[in-house]
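Chains, contacts and geometry: an overview
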Amino acid sequence: MRSRVGRAMTAAVLGGLLATGCGSGNDRTASSAAGKGDSAEPVTVTDCAGAETTFAATPKRIVTSNASSLELLLRLGAGDKVVGTGFPPGKGTLPDELDAQARQVKVLSETVIPKEKLLGSGADLYIDTFASMNMGGGMGDAPTEEEFEAAGIQHIFLKSTACAARSKSPVTDLSAVEDDITSLGAVTGTTARAAELVAGMKEKVDAVHKAVGDTPERKRPTYFFFDYDAGTKQPMAVCNRQVANAVITLAGARNVFADCDGDYKQVGWEDVIARNPDWIQLAVRDRGSRAANDKAYDEAREWLETNSATKGLKAVEEGRFLRIGSERTTIAGVANADTVEKIAKTLYPGKVG
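To start, this report covers the structure provided alongside it. (Residues numbered from 1 in each chain as written. Predicted model: local features only at pLDDT ≥ 70, side-chain atom pairs only at ≥ 80, totals over all residues. Heavy atoms only, no water.)

**Concerning the sheet that holds strand β5 (residues 62-64)**
- Sheet architecture is open: 4 strands sit in the order β6-β5-β7-β8, paired in parallel fashion. Looking at which strands have only one partner, the edges of the open sheet turn out to be β6 (82-85) and β8 (154-157). In this sheet, neighbouring strand axes are inclined to one another by 20 degrees on average, regardless of whether the strands run parallel or antiparallel.
- Pairing between β5 and strand β7 (residues 125-128): 3 bridges, direction parallel. (Pairing = 2+ DSSP bridges. Helix = DSSP H or I, 4+ residues; strand = E, 2+ residues; numbered from the N terminus. Axes fitted to C-alpha atoms, helices over the stretch in contact; angles between N-to-C directions.)

What follows is the structure, given as structure tokens:
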């Protein structure tokens, strides 16, 4: 059984947001399931505009848009409900037990799931991460909300990423990510596990804050997130509405493009040179294996060290690089807290345990 509240409003809102590259998300509203563990009572989530989706029963057949939402479901213990995914995680890129579970999930597409395959998947829930992807790049059109409804599929997003560009203020903590996890826990009947995951994230971030949180702003190292896969002709900066800004800030660093309002912005190398970062994250996207990822990190570093515009940067000359995957920094997940810890350990050796 399924119900959609405010369907007409949601369809109109989502259509506009998809066209403009923002999107909708999901956020747990105050419902009867709150605080009652894995309740079977209806659960309501909202999108970026506040339109509601109500789950009268726990979904049984879920399709995820990419490795991020799949990993969250696996960590929640709802992996047995996942019947397919797009953008699957590379072999060996998840912890052993999760990796084995991920290998059992049917891959509907190595990239964006084609519209007809998604609608014919038999899913009763589709969890989308980036509305801005919009099945674009010649890979097909995104289903409309009416088409999702006709196929019996409820459609929600990870709000911390899909709605980032609409944020009214800089993102400097992981509360939106934690809300996503709490929301997915409520929807999938795994609220207790969701609470454990959120508590673990908070504990890790709090430990970092205790170790480096009192570092004066002027003494915090500057940090550039080098999105190697976005292209090297013009770098793509992560701005202050992106979850990466929160990760960098919580780790005790200063995002060199924190003055940019939005989630992403294409800048010039002259802008990076002017900011001359203390540290550079070699942010490569998952290549499907650890060996392939290591090769990509090497390529990103070599490009910075040999390019005439970047080889004179302080971080490049001093070899101050961090090899951390793009997804674990920019997309909602438990790994965001791990990344906070990893960055802090590198920037503040001896201070963070």
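Structure's up, so let's keep going.
**Comments concerning the nonpolar core**
- With 53 residues, the main nonpolar core has I127, L174, I181, Y223, I343 and L347 as its most contacted residues.
- Secondary-structure elements contributing two or more residues to this core are β3 (43-46), α2 (67-76), α3 (96-103), β7, α7 (175-188), α8 (191-212), α9 (243-250) and α14 (335-347).
- No other element matches α8, which puts 7 residues into this core.
- Not counting residues up to four positions away in its chain, the partners in contact with L347 are P221, Y223, A253, W279 and L322. (Core = buried A, V, L, I, M, F, W, Y, C linked by side-chain atoms within 4.5 Å. Buried < 20%, exposed > 50% of the residue type's maximum accessible area, 1.4 Å probe, protein only. Contact = heavy atoms within 4.5 Å.)

**A look at the pattern of salt bridges**
- Per the counting criterion, the structure on display carries 15 salt bridges.
- Here E71 makes a salt bridge to R75, at a shortest N to O gap of 2.9 Å. You can see E71 and its partner R75 sitting in helix α2, 4 residues apart, about one turn around the helix. Considered together, E71 and R75 belong to a single accessibility category, that of buried residues.
- Here R241 ties to D261 by a salt bridge, and the two come within 3.1 Å at their closest N and O atoms. Of this pair, R241 sits in the loop between β10 (236-238) and α9 while D261 sits in the loop between β11 (254-255) and β12 (264-266), placing them 20 residues apart in sequence.
- Overall, D261 belongs to the exposed group, its relative accessible area being 60%.
- Here the salt bridges share partners, and the residues they tie into one network are D294, D298 and R323. (Salt bridge = Lys/Arg side-chain N within 4 Å of Asp/Glu carboxyl O.)

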